[in-house]
Amino acid sequence: MRTEEFYAFMKKRESLRLRKEAGDPWPWSDDEILNTYKFTNVKRSHDRTTKWFWDALDNNKDAPLHVILFNCALFRYFGTIEFYESIGWQPTWNQEIALAVKARAQIRLDNKQRVFTGAYVITNQGISAPKQEVVVDHFLWPLWHWCSYLVDVARRTKSWETVATEMMKLKGFGGTGFMTKEVLQDAMHTEVLADCTDRNTWCPVGPGAHRGINRLMERDVKARLKTQEGLDIMRRLFNAQDEYWPDYGPGELELHDIQFQLCEFDKHERVKLGQGRPRSKYKRR
């Protein structure tokens, strides 16, 4: 397995972040692919959007846990700071609020202002309606009714795998489990799941991580991968950090960081091998 190459890629990405934050002159990397395209930080907690939202969570840490969990989903399903700022933290949810959120989204779309993130694809799952209506009416409303139950599961089991299994039964949160993973990663920053015991022993293997694993194993990128095999390989990579990550913060990586960077490694390999390009180029602020 190409473990050393995987960690070398992560080191280059982390070095870029450190040079940028230190105010070093551009370019921040000797890797032209990293300079040209958007790649997430090695640690999700370093991403600008995540840092902003976690500050919002900290400012509302005394809210009921089911409200905290719901706001995690509300934020991630739209995914932009600009839109969430325009609607604000929601201490409850009802028809009037839901209509206001949909109306605000339509106004911003009409004015060509950001509503949805471009970092990942939000699909309508075959429902013929504007995306904001699908999100609010078909994804968020059912979640609101289940949030108290999911919080109860979280507090009883202290297992994000168990909560994810239940959450993935809801429309908009199933499939590969990507949105469930995104929402619960935020919830793990709060009292909902801060004390979960399986933070670094379980994580969904998304399609990007699947491709990244196949590349590390030098297999066809589309080769089938059993869920347990993918999880076992991610654990092996996670446990290798003491050997390959000592100068960047030994023990600081989480299993989810490995999962997400497998996706980023796949993106980098696609460009390097002439197999495609990421959706977004990096634009310096």
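As a starting point, this report considers the structure included with it. (Residues numbered from 1 in each chain as written. Predicted model: local features only at pLDDT ≥ 70, side-chain atom pairs only at ≥ 80, totals over all residues. Heavy atoms only, no water.)

## Quick notes on the packing of aromatic side chains
What the rule picks out here adds up to 23 aromatic pairs. When the centroid spacing of 6.0 Å and the interplanar angle of 25 degrees are considered together, the rings of Trp-52 and Phe-75 count as stacked. Remark: Phe-75 occurs in helix α4 (residues 65–78) and Trp-52 occurs in helix α3 (residues 48–59); sequence separation between them is 23 residues. Chaining the aromatic ring pairs together yields one cluster made of Phe-6, Tyr-7, Phe-9, Phe-39, Tyr-244, Trp-245 and Phe-265. Positioned above the aromatic ring of Phe-116 is the side chain of Lys-131, whose terminal nitrogen or guanidinium carbon lies 5.0 Å from the ring centre. (Phe/Tyr/Trp six-rings, centres within 6.5 Å; stacked < 30°, edge-to-face > 60°. Helix = DSSP H or I, 4+ residues; strand = E, 2+ residues; numbered from the N terminus. Lys NZ or Arg CZ within 6 Å of the ring centre and 35° of its normal.)

## Overview of the state of the cysteines
Here the structure, examined in full by the defined rule, presents zero disulfides. Unpaired in terms of disulfides, Cys-72 finds its nearest cysteine sulfur in Cys-147, a separation of 9.1 Å. With no disulfide of its own, Cys-196 lies 11 Å from the sulfur of Cys-203, the closest cysteine sulfur. Looking at Cys-196, the relative accessible area reads 9%, which means it is buried. (Disulfide = S-S within 2.5 Å. Buried < 20%, exposed > 50% of the residue type's maximum accessible area, 1.4 Å probe, protein only.)

## Points about the pattern of salt bridges
Under the counting rule described, the total for this entry stands at 25 salt bridges. Among the ionic pairs, Glu-5 bridges to Arg-2, the shortest N-O distance being 2.8 Å. Arg-2 gets classed as buried once you look at its relative accessible area, which sits at 15%. For Arg-76, the salt bridge is made with Asp-186, and the minimal N-O distance between the two is 2.6 Å. You can see Arg-76 sitting in helix α4 and its partner Asp-186 sitting in helix α9 (residues 178–187), a full 110 residues away along the chain. This pair shows no difference in class: Arg-76 is buried, exactly as Asp-186 is. (Salt bridge = Lys/Arg side-chain N within 4 Å of Asp/Glu carboxyl O.)

## Thoughts on the packing of α4 against α9
Contact geometry of α4 with α9 gives a least axis separation of 9 Å together with a crossing angle of 130 degrees. Here α4 lies oblique to α9, going by the angle between them. Crossing of α4 over α9 shows right-handed handedness. Contact with α4, carried on its side by Leu-69, Cys-72, Ala-73, Arg-76 and Tyr-77, involves Met-179, Glu-182, Val-183, Leu-184, Asp-186 and Ala-187 of α9 and no other residues of that element. Grouping the constituent residues of the contact of α4 with α9 by class yields eight nonpolar, no polar and three charged. (Axes fitted to C-alpha atoms, helices over the stretch in contact; angles between N-to-C directions. Parallel < 35°, antiparallel > 145°, perpendicular 65-115°, else oblique. Left-handed = near helix turned anticlockwise from the far one by under 90°. Contact = heavy atoms within 4.5 Å. Nonpolar A, V, L, I, M, F, W, Y, C, P; charged D, E, K, R; others polar.)

## Observations regarding the packing of helix α1 (residues 3–21) against helix α13 (residues 255–272)
Relative to each other, α1 and α13 sit at 90 degrees, their axes nearing to 10 Å. Here α1 is positioned roughly perpendicular relative to α13, judged by the angle of their axes. Touching Glu-5, Phe-6, Tyr-7, Phe-9 and Met-10 of α1 are Ile-258, Gln-261, Leu-262, Glu-264, Phe-265 and His-268, all from α13. Grouping the amino acids of the contact of α1 with α13 by side-chain chemistry returns seven nonpolar, two polar and two charged.

## As for the side chain of Thr-50
Along the polypeptide, Thr-50 turns up in helix α3. In this structure the side chain of Thr-50 is engaged in a polar contact, spanning 3.0 Å, whose partner is the side chain of Arg-76. Every residue in contact with Thr-50, bar those within four places of it in the chain, is listed here: Arg-44, Ser-45 and Arg-76. (Polar contact = N/O pair within 3.5 Å; in protein donor to acceptor, adjacent residues only side chain to side chain.)

## Things to note about unusual backbone geometry
Backbone torsion omega between Trp-26 and Pro-27 reads 0 degrees, so that peptide bond is classified as cis. Among the structural elements, Pro-27 can be located in the loop between α1 and α2 (32–36). The residue Lys-112 is not glycine, and still its phi comes out positive at about 60 degrees. As for its position among the elements, Lys-112 is in the loop between α6 (95–110) and α7 (131–157). Phi angles above zero are rare outside glycine, and Lys-158 is one such case at about 50 degrees. Here Lys-158 is to be found in the loop between α7 and α8 (160–167). You can call Lys-158 partly exposed: its relative accessible area is 29%.

Any functional reading would require information beyond the geometric quantities listed.
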